[in-house]
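Listed here are the chains, written in short residue letters.
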Amino acid sequence: MFKSIKIQPCKNNVGAIIDTDIQSADPECINEIKIALDEFGVVFFRKQNLDSSAYVSFAKQFGTPADYPMLEGLNKFPEITVVEKKPEEQIMFGEGWHTDSTYTPEPPQYTMLYSIKTPPKGKGNTLFASQYESYQKLPGELKEKIQSLKAVFSADGPISKTRNNRVAEKGTGIDPKSMSAIHSIVKTNANNKKKSLYLSPGHVTEIVGMDKEESKKLLKYLFEHQSKPEFVYGFEWEPNCLAIWSNHVMLHNPVNDFTGIHRVMHRITIQ
Ligand SMILES: [Fe+2]
């Protein structure tokens, strides 16, 4: 299936490591990375050497960079959002299971994260949970039940407080209470027809049209199910790594298990 890239699936078949210099990726290679994303949900590249200009050029081969509504990007490269935890801070941006910008009408398909400064290897991992796998392992009758359900995804959900430090510095002034969207909670990948559970615990507030108590009970069950250990892989960062994931397939959760160290990532989301 893969001719241009060397690919090694990760534990639990969640994600894959690709051994390639992405600056020299030709269109065939980019195409195979997209196929790998459809298949594994997230791919990782180590030992890259990307400056911001090369990073943005690479990213644009996957689609149009999306605007992140909550924060300003870098001055010279507005497509790049700085995701960081400063040495004196306790809260980590984006901690908790979620998928990105689900409160927008068309959430970005891909997110890319490039590591600039990281804590020692093994700290500040990002956990990824495959929602292909989590959907697949739902009981049959529940799969039926949720097939046509939709949920409310709010920018003011439980994860919103993890943005506060960054919003204070580089916020766009948008009130998170003003941003919400409704999406189907089961997605089908148009390329390989695989189904995934599309729910973001950091954003989802209720199932549309369902009794409040029943909605709460169902969401609690699904949120717990989504991140069971057998669906999860934790990526260990070091500087100069790139992760690309499909927001339609993966949940992610950066582990906040360090202090006193500056962790800096450059993020680009792709529409
Ligand atoms: Fe995120």
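Parameters and conventions
- Residues numbered from 1 in each chain as written.
- Predicted model: local features only at pLDDT ≥ 70, side-chain atom pairs only at ≥ 80, totals over all residues.
- Heavy atoms only, no water.
- Helix = DSSP H or I, 4+ residues; strand = E, 2+ residues; numbered from the N terminus.
- Contact = heavy atoms within 4.5 Å.
- 1 Å grid on protein atoms, 1.4 Å probe; cavity = no way out; pocket = protein on both sides within 12 Å on 5 of 7 lines; lining within 4 Å.
- Points joined across faces, edges and corners; volume = space filled by probe spheres on them.
- Nonpolar A, V, L, I, M, F, W, Y, C, P; charged D, E, K, R; others polar.
- Pairing = 2+ DSSP bridges.
- Axes fitted to C-alpha atoms, helices over the stretch in contact; angles between N-to-C directions.
- Buried < 20%, exposed > 50% of the residue type's maximum accessible area, 1.4 Å probe, protein only.

Enquirer: What exactly am I supposed to notice about the environment of Tyr132 here?
Expert: Mapped onto the elements of the fold, Tyr132 is located in helix α3 (residues 131-136). Put simply, Tyr132 and Glu169 are 37 residues apart on the chain and 37 Å apart in space, counted from C-alpha to C-alpha. In contact with Tyr132, not counting residues within four places along its chain, are Asp38, Glu39, Asn189, Asn192, Lys194, Lys195, Ser196 and Val249.

Enquirer: Just to check I follow, could you spell out empty space enclosed by the protein for this structure?
Expert: A water-sized probe rolled over the atoms picks out the places where empty space is left. Per the counting criterion, the structure on display carries 2 cavities of 30 Å³ or more. Considering the residues around the largest cavity, the lining is formed by Val83, Phe93, Gly94, His98, Asp100, Leu113, Thr126, Trp245, His252, Pro254, Arg263 and Arg267. Across the lining of the largest cavity, the residue classes tally to 5 nonpolar, 4 polar and 3 charged. Taken together, Tyr68, Phe93, Gly94, His98, Asp100, Ser101, Tyr103, Ile159, Thr162, Arg163, His203 and Arg267 make up the lining of the second largest cavity. A per-class count over the lining of the second largest cavity returns 4 nonpolar, 5 polar and 3 charged.

Enquirer: Got a minute to help me understand the sheet that holds strand β12 (residues 232-235) in this structure?
Expert: Within a sheet, each strand pairs with its neighbour through backbone hydrogen bonds, oriented either parallel or antiparallel. In spatial order, the strands read β12-β6-β14; together these 3 strands make up an open sheet with antiparallel pairing. Bordering the open sheet on either side are β12 and β14 (250-254), each of which pairs with just one other strand. Going from strand to strand, the sheet's axes swing by 20 degrees on average, the running direction of each strand aside.

Enquirer: Any chance you could explain the side chain of Thr118 here in plain terms?
Expert: Within the secondary structure layout, Thr118 lies in the loop between β5 (110-117) and β6 (126-130). For Thr118, a relative accessible area of 16% translates into the label buried.

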